[in-house]
Amino acid sequence: MYYSLGDLIWLFLITLAVWYFWSGMAAKDRVRRIVKAHCAETGVQLLDDTVMLTRTRLKRDRSGQVRLQRQYEFEFTSTGERRYSGIAVLHGQRITQIQLSPYHLA
């Protein structure tokens, strides 16, 4: 059985899409767990137990290798009355930034 170049290209694109989806789900779960732990350490509560992917791009890391950088947004509360937003950045396999917006203390 022989495959044409077009068949191989389609196979490659489908494989790439499946890999991107699979790695994206794993990254999202990892970020959610880390953000939840960070919120618990800070004394706030992660709302809806979820993070949302807002940006994906290619960026060089400290060693000069090109890696995917994913930015996630999430919401948290400190008093239970108001929602505040936060940002978490995953660069490759490392969390490089977790930023909470200013919030009221109880």
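Structure shown above.
Being a predicted model, the structure only gives us computed values, none of them experimental.

J.: Any chance you could break down unusual backbone geometry for me, citing the residues and the numbers?
T.: Although it is not a glycine, D48 adopts a positive phi angle of roughly 60 degrees. The residue D48 is located in the loop between β1 (45-46) and β2 (52-60) in this model. Its identity is not glycine, yet D49 carries a phi of approximately 50 degrees, on the positive side. Assignment of secondary structure puts D49 in the loop between β1 and β2.

J.: So what about the packing of aromatic side chains? Which residues, and what values?
T.: Summed over all chains, the structure comprises four aromatic pairs. Considering the side-chain rings of F74 and F76, the 6.4 Å spacing of their centres and the 45 degrees angle between planes classify their relative orientation as tilted. Among the residues examined, F76 registers a relative accessible area of 0% and is labelled buried. Arranged with centres 5.4 Å apart and planes meeting at 90 degrees, the rings of F76 and Y103 form a pair that is edge-to-face.

The rules we used
- Residues numbered from 1 in each chain as written.
- Predicted model: local features only at pLDDT ≥ 70, side-chain atom pairs only at ≥ 80, totals over all residues.
- Heavy atoms only, no water.
- Helix = DSSP H or I, 4+ residues; strand = E, 2+ residues; numbered from the N terminus.
- Phe/Tyr/Trp six-rings, centres within 6.5 Å; stacked < 30°, edge-to-face > 60°.
- Buried < 20%, exposed > 50% of the residue type's maximum accessible area, 1.4 Å probe, protein only.

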